[in-house]
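# A closer look at the structure
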There are 2 protein chains.
Amino acid sequence: MLSTMQDGQLSLANLLKHGTSVHSASEVITWTGSEARRESYGDLGRNAARLANALRSLGVTGDQRVGTFMWNNAEHLAAYLAVPAMGAVLHTLNIRLFPEQLVFVANHAEDQVVIVDGTLVPLLAAQLPHFKTVRHVIVANGDAAALQAPDGVEVHSYAELLAAQPDTFDWPVVDERSAAAMCYTSGTTGDPKGVAYSHRSIWLHSMQVCMSDSMNLAQSDKALAIVPQFHAMAWGLPYAALMVGASLLMPDRFLQPAPLAAMLAAEKPTFAGAVPTVWQGLLAHLEANPQDISHLREVVVGGSAVPPSLMHAFEERHKVSILHAWGMTETSPLGSVARPPASATGEEAWQYRYTQGRFPASVRARLIGDSGEPLPWDNEAVGELEVQGPWIAGSYYGGSDVDPDKFHDGWLRTGDVGKISPDGYLTLTDRAKDVIKSGGEWISSVDLENQVMGHPAVAEAAVVGIPDEKWDERPLVAVVLKEGQTATPEELRDFLADKVAKWQLPENWTFVDEVPKTSVGKFDKKRIRASYSEGKLDIAQL
Amino acid sequence: MLSTMQDGQLSLANLLKHGTSVHSASEVITWTGSEARRESYGDLGRNAARLANALRSLGVTGDQRVGTFMWNNAEHLAAYLAVPAMGAVLHTLNIRLFPEQLVFVANHAEDQVVIVDGTLVPLLAAQLPHFKTVRHVIVANGDAAALQAPDGVEVHSYAELLAAQPDTFDWPVVDERSAAAMCYTSGTTGDPKGVAYSHRSIWLHSMQVCMSDSMNLAQSDKALAIVPQFHAMAWGLPYAALMVGASLLMPDRFLQPAPLAAMLAAEKPTFAGAVPTVWQGLLAHLEANPQDISHLREVVVGGSAVPPSLMHAFEERHKVSILHAWGMTETSPLGSVARPPASATGEEAWQYRYTQGRFPASVRARLIGDSGEPLPWDNEAVGELEVQGPWIAGSYYGGSDVDPDKFHDGWLRTGDVGKISPDGYLTLTDRAKDVIKSGGEWISSVDLENQVMGHPAVAEAAVVGIPDEKWDERPLVAVVLKEGQTATPEELRDFLADKVAKWQLPENWTFVDEVPKTSVGKFDKKRIRASYSEGKLDIAQL
């Protein structure tokens, strides 16, 4: 029996119309280095319409892709709204990709137009000759004349282009399952993979962001989106802000601790989102330059695990609550949020807050063991996390033959390994490809790394599994010593002796000058394993 | 271009599984007169599975309808979950319908089974012989043997039936646009009309209820659902509570001020929802029997306009904030919520709070004038409110020929008349069918009624439009005087003189013993107009 309810298409054109009309007094505030430029959501709506008209005039039709190569700012926000609302697909290009990855993703998505921030023109220009489908580049916040474009590519000034356009647009009706925006994941294996979010998935995700038990975003908020707009849609903050009329504070390219502290002081946002390293940097800055930041009712931190010490430092020294969250590009990204149950107080509440959090009703999760069997949620069994839901990717762009191992039976294999409590809180212990399978037991590479990095002489340590005849795999520790410090493998192993189980103690140690990193700054363990296989590492075996 | 996101069906089976597993420690608490009986959501999930097995064993298949004739309690909540999650359709029968309406809706929906509370058996039994499709009646919370069923109807004890069933059920996958639950509106014209909510509409509506700027429902809440489960799905509180793990406090049949005060004292809920008359009654009770109710962080009030005096009394005397909301059966019901913008404080904030509220992004609204033209949102132009969205009805059950005037161009005509501010706040002034169109201007019958009821001698007053040769329509006031009080039409008209515009002052007055009411207690103006046309009223014309 069909219901009698309206179809009620969930479309970003409706989000744009709602956010820029009834919330026309809310603002997007872009930091310019020492002060802010402000744009009301009413003006944002008119600029989005101008941008849509401009893109149409450049020939953008149907579901063609429009790339952005931009910082977080008002112009990037206008593109977030205009491109999907006109029926086209926004492709946020990650400015930190390696050059060959950048070329790959622009060609793979077949971007027709790229909007670029003036300060990023040099970075883009170097690769532009390799972009096969791009016909127009629009330079925002900078000098279009500075860009020497290859033949067949026209360069436009964002300001001039928009000035000539009407400030209304007849936004089309699109099916809610159409693609609205794309983001490529910068995996450590193979080419980047594209995730194409739908109007529906973005709408539902935005509602979730504004639910009290999630990020709790409301009209009364001014949200500082430090997490880049080219990284998992800035965790959905821009769309959620438009949905409820929260103002947005955009840092543009000023992402270092000092300017972040300055924008906090000037604009007093109530909410912020960024990865742990940003907060580590800000914490250190605030130690040296004290400043009241208690206007932040909450900050959401994800992207990698948040050290408990960081949460305590913000809570106790700055009266700012850190909300730990887990997600990935493939999950839009909101997967879980570590808000403790109301019954937990004191130390028990902290234990909940350290976890990666609880899944909301829209995200279904399961843990899968070594032989494919589902594991119990007993906070002990450790397996690979798989998730399902209306804002979870079901494939990668390009069809089901792109990395098919990532998806099975309607589930996304997250590649994260951990355990889940009976009340649904996730604790991650490792990445699936990094976990060390030793004698039928799993050793968390992350746990070992954290323990080794606790040694005063160690700057960085990466742990990978290497083949072992008896145990299948055993851990190899690659250590970067602090400048001027020394330590022997024996000393480091002794240091671990009372910190990890005896059978986990590593026999294999190597000293390196630096740990290789991916384009997003994570340990590139694939390269460590390759160096090992190629015999390039000098191994001490205890 | 299709997105790469999962289909992610929004289904109540998933809601049931989520709410009763990760939130298994949350509770549904049912008041029993002097104390409460408690059921964890874990047990609720097992009982829902038993109920689904029981219904299957009675032959309920596919999308057959299962009626409930019940108070708000744990058993009714189990039916809310089990019936839609098994793929059948829940039909909440309004126990306050007139007998012939009750018979109509049970037959129109073709209910196969009815679950009835023991105390409501006599009310149901009287009409049961006229129910054409019901084959089974399940008596909860009472004595099944007390029901003498007509031939062909089997009577079961809820407790005995469930005790024999397994506590797990293989919940099927249903399309999210399938009907999940039905509710009939008790209109004042014609037969009741059925609204069939979908799994999708209920899911989206539940998310909205939990958004910070809506009802803000969270895991930390204990929500007292006074609004009946047979009335617009108890405003969505049951499903929203399961979505986030809020506990539910259910008043069963104890809806008078004294027991409500007792359950507030015993259970200290943080949130509650009920129509204005309930809060009026509670306010009077608390005057005579003081009690701290500041554990209520907020109460949502809708169903009819909330008098500002009521909001101030709760805020100032009891430190409880009343949140004014608007909706109707056809809108699931959450249409708008009067949470002021963050920039408004003091008296300005109060002016926002008096309105019917702001529409969320998922609900689109427009005002339509006399000749079908859209009106501006300038807080002045008055027209009929039309709404659109994923939890708004697009037709009534039975097809597009059931009351087709209610729907056009994809919009629901609400029958409510009012104005909307530029920032999207709705102020209702009347019902479309009650507004008096006099000389090209509209007179609000509700405004006039409120003014007349301000006279000390007046107990009730209803205003209807009657035909007028010169002005098209003019107001007729039907007055019920307080016992022992007197007032002449001239005195009442003089009383209004400085309160309403001169051209609105009514010429036509009549005194009646009582104002006729609909089954839900609203003024039945259709009957007043009929009495007038039939010459049954004694009219004084000034």
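See the structure printed just above.
Residues numbered from 1 in each chain as written. Chains lettered and ligands numbered in written order. Predicted model: local features only at pLDDT ≥ 70, side-chain atom pairs only at ≥ 80, totals over all residues. Heavy atoms only, no water.

## Considering the overall build of chain A
Looking only at helices and strands, one finds 15 helices and 27 strands in chain A. Whereas a compact globule of 542 residues would reach a radius of gyration of roughly 24 Å, chain A reaches 24 Å, a difference of no more than 12%. Projected onto its principal axes, the C-alpha coordinates of chain A cover approximately 70 × 60 × 55 Å. Across the 542 residues of chain A, 61% fall into the buried class. Counted over contacts in chain A with a minimum sequence separation of 6, partners at least 24 positions apart contribute 66%. Carbon and sulfur atoms provide 49% of the accessible area of chain A, an area that totals close to 20,100 Å². Mean positive and mean negative side-chain charge positions of chain A (43 and 65 charges, respectively) differ by 2 Å. (Helix = DSSP H or I, 4+ residues; strand = E, 2+ residues; numbered from the N terminus. Rg over C-alpha atoms; globule rule 2.2 N^0.38 Å. Buried < 20%, exposed > 50% of the residue type's maximum accessible area, 1.4 Å probe, protein only. Contact = heavy atoms within 4.5 Å. Areas by Shrake-Rupley, 256 points an atom, 1.4 Å probe, with all protein chains shown as cover. Lys, Arg positive; Asp, Glu negative; His and termini not counted. Charge placed at Lys NZ, Arg CZ, Asp CG, Glu CD.)

## A word on the sheet that holds strand 6 (residues 136-140) of chain B
Residues and elements named next belong to chain B. Reading across from one edge, 7-6-5-3-4-8-9 is the order of the seven strands in this open sheet, with mixed pairing throughout. Because the sheet does not close on itself, it has two edges, and the strands there are strand 7 (154-157) and strand 9 (193-198). Taken over all neighbouring pairs, the strand axes of this sheet differ in orientation by 25° on average, direction set aside. With five bridges connecting them, strand 3 (residues 65-69) and strand 5 (residues 111-117) associate as parallel partners. Bridge pairing in strand 5 places Arg65 opposite Asp111. Sitting on the sheet, helix 3 (residues 74-85) is in contact with strand 3, strand 4 (89-92), strand 5, strand 6 and strand 8 (179-185), with an inclination near 145° to strand 4. (Pairing = 2+ DSSP bridges. Axes fitted to C-alpha atoms, helices over the stretch in contact; angles between N-to-C directions.)

## Some details on the packing of helix 1 (residues 12-21) of chain A against helix 2 (residues 41-57) of chain A
In contact at an axis separation of 7 Å, helix 1 of chain A and helix 2 of chain A are set at 145° when each is read in the N-to-C sense. Contacts from Leu16, Gly19 and Thr20 of chain A of helix 1 of chain A reach helix 2 of chain A at Tyr41, Gly42, Leu44, Gly45 and Ala48 of chain A.

## A word on the relation of the copies chain B and chain A
Superposition record for chain B on chain A: RMSD 0.1 Å, screw rotation 180°, translation along axis 0.0 Å. Read as a symmetry element, the transformation amounts to a two-fold axis. Residues of chain B ranked by C-alpha distance from the rotation axis are headed by Met211 of chain B, positioned 2.0 Å from it. Most of the interface of chain B is mirrored in chain A, where 100% of its interface residues again form contacts. (Least-squares fit on C-alpha atoms with pLDDT ≥ 70 in both.)

## Side note on the pattern of salt bridges
Residues and elements named next belong to chain B. In total, this model carries 64 salt bridges over all chains according to the counting rule given. Residue Glu386 is joined to Arg366 by a salt bridge in which the shortest nitrogen-to-oxygen separation is 2.9 Å. Placement of the pair is Glu386 in strand 18 (residues 383-388) and Arg366 in strand 17 (residues 364-368), with a sequence separation of 20 residues. Take Glu386: its relative accessible area is 1%, and that puts it in the buried class. (Salt bridge = Lys/Arg side-chain N within 4 Å of Asp/Glu carboxyl O.)

## Some words on the environment of Gly439 of chain A
When you line up the elements, Gly439 of chain A lands in the loop between strand 22 (436-438) and strand 23 (441-443). For the pair formed by Gly439 of chain A and Asp472 of chain A, sequence separation is 33 residues and the distance between their alpha carbons is 6.4 Å.

## Notes on the sheet that holds strand 5 (residues 111-117) of chain A
Residue and element names in this part refer to chain A. Strand order in the open sheet formed by seven strands is 7-6-5-3-4-8-9, and the pairing between neighbours is mixed. With one partner strand each, in any of the chains shown, strand 7 (154-157) and strand 9 (193-198) form the two edges of the open sheet. Here the strands of the sheet are splayed against their neighbours by 25° on average, with no regard to which way each runs. Where strand 5 meets strand 6 (residues 136-140), five bridges bridge the pair, whose relative direction is parallel. Within strand 6, the residue paired with Val113 across the bridge is His136.

## Quick look at empty space enclosed by the protein
What the rule picks out here adds up to three cavities of 30 Å³ or more. Its volume calculated, the largest cavity comes out at about 70 Å³. The wall of the largest cavity is formed by Tyr197, Ser201, Ile202, His205, Ser206, Met233, Gly236, Tyr239 and Ser332 of chain B. For the lining of the largest cavity, the element with the most residues is helix 7 (residues 199-209) of chain B, which contributes four residues. Classifying every residue of the lining of the largest cavity gives four nonpolar, five polar and no charged. Lining the second largest cavity are Tyr197, Ile202, His205, Ser206, Met233, Gly236, Tyr239 and Ser332 of chain A. (1 Å grid on protein atoms, 1.4 Å probe; cavity = no way out; pocket = protein on both sides within 12 Å on 5 of 7 lines; lining within 4 Å. Points joined across faces, edges and corners; volume = space filled by probe spheres on them. Nonpolar A, V, L, I, M, F, W, Y, C, P; charged D, E, K, R; others polar.)

## What about the interface of chain B and chain A?
Of the residues lining the interface, 74 residues belong to chain B; the matching set on chain A comes to 74 residues. Buried area between chain B and chain A, both sides added, is near 5,300 Å², and the carbon and sulfur share of it is 55%. Area buried by chain B at its contact with chain A is led by Met1, Met5 and Gln6 of chain B, which between them contribute 17% of it. Linking chain B to chain A there are six salt bridges. Between Arg177 of chain B and Asp7 of chain A there is a salt bridge, with its nearest N and O atoms 2.5 Å apart. Along the contact surface separating chain B from chain A lie 40 residue pairs in polar contact (both at pLDDT 80 or more). Counting only elements with at least two residues in the side of chain B that touches chain A, the list comes to helix 1 (12-21), strand 8, strand 9, helix 7, helix 8 (237-244), strand 18 and strand 20 (411-420) of chain B. It is helix 7 of chain B that provides the largest number of residues to the side of chain B that touches chain A, a total of six residues. Among the residues forming the side of chain B that touches chain A, the class breakdown is 37 nonpolar, 26 polar and eleven charged. (Buried area = accessible area lost by both parts, 1.4 Å probe. Polar contact = N/O pair within 3.5 Å; in protein donor to acceptor, adjacent residues only side chain to side chain.)

## Points about helix 13 (residues 445-452) of chain A
Since the α-helix advances by 3.6 residues per turn, residues separated by three or four positions end up pointing in the same direction. Those residues of helix 13 of chain A that fall on the buried side of the exposure criterion are Ser445, Leu448, Glu449 and Val452 of chain A. An end-on view of helix 13 of chain A places all buried positions within 100° of arc, on one side of the element. (Arc of directions from axis to C-beta.)

## Regarding the packing of aromatic side chains
What describes a pair of aromatic rings is the distance from one ring centre to the other and the angle between the planes of the rings. Residues and elements named next belong to chain A. Going through the model one piece at a time under the given rule, you end up with 14 aromatic pairs over all chains. Seen from their ring centres, Tyr396 and Phe407 are 5.1 Å apart, and the 75° between their planes marks the pair as edge-to-face. Of this pair, Tyr396 sits in the loop between strand 18 (383-388) and strand 19 (407-408) while Phe407 sits in strand 19, placing them eleven residues apart in sequence. Of the residues examined, Tyr396 reaches a relative accessible area of 3% and is grouped as buried. The positively charged end of Arg353 is found above the aromatic ring belonging to Trp350, 4.3 Å away from the centroid. (Phe/Tyr/Trp six-rings, centres within 6.5 Å; stacked < 30°, edge-to-face > 60°. Lys NZ or Arg CZ within 6 Å of the ring centre and 35° of its normal.)

## Side note on the pairing of strand 13 (residues 298-301) of chain A
Residue and element names in this part refer to chain A. What you see with strand 13 is no split at all: Glu298 and Val300 on one side and Val299 and Val301 on the other are buried throughout. Direction of pairing for strand 12 (residues 271-274) relative to strand 13: parallel, over a ladder of four bridges. Along strand 13, the bridge assignment pairs Phe271 with Glu298. In this fold, the crossover linking strand 12 to strand 13 by way of helix 10 (residues 276-288) has right-handed handedness. (Right-handed = clockwise from strand over helix to strand, strands pointing away.)

## Some points on the nonpolar core
In this structure, Trp171 of chain A together with Trp171 of chain B are the most contacted members of the largest nonpolar core, which totals 194 residues. Among residues more than four places away in sequence, those in contact with Trp171 of chain B are Ala13, Leu16, Lys17, Ala48, Ala49, Ala52, Ala82, Ala85 and Met86 of chain B. Core analysis: the second largest hydrophobic core is formed by 60 residues, Leu264, Val278, Leu286 and Met311 of chain A among them. (Core = buried A, V, L, I, M, F, W, Y, C linked by side-chain atoms within 4.5 Å.)

## Examining helix 3 (residues 74-85) of chain A
Residue and element names in this part refer to chain A. A rise of 1.5 Å per residue sets the reference length of helix 3, with its twelve residues, at 16 Å; its end C-alpha atoms lie 17 Å apart and thus fit the reference within 8%. Burial analysis of helix 3 places twelve of its twelve residues in the buried class, which makes it a mostly covered element. All of the buried residues along helix 3 are Ala74, Glu75, His76, Leu77, Ala78, Ala79, Tyr80, Leu81, Ala82, Val83, Pro84 and Ala85. Positioned one or two residues after helix 3, Gly87 has a phi angle of 100°, which is positive. (Expected span 1.5 Å × (residues − 1).)

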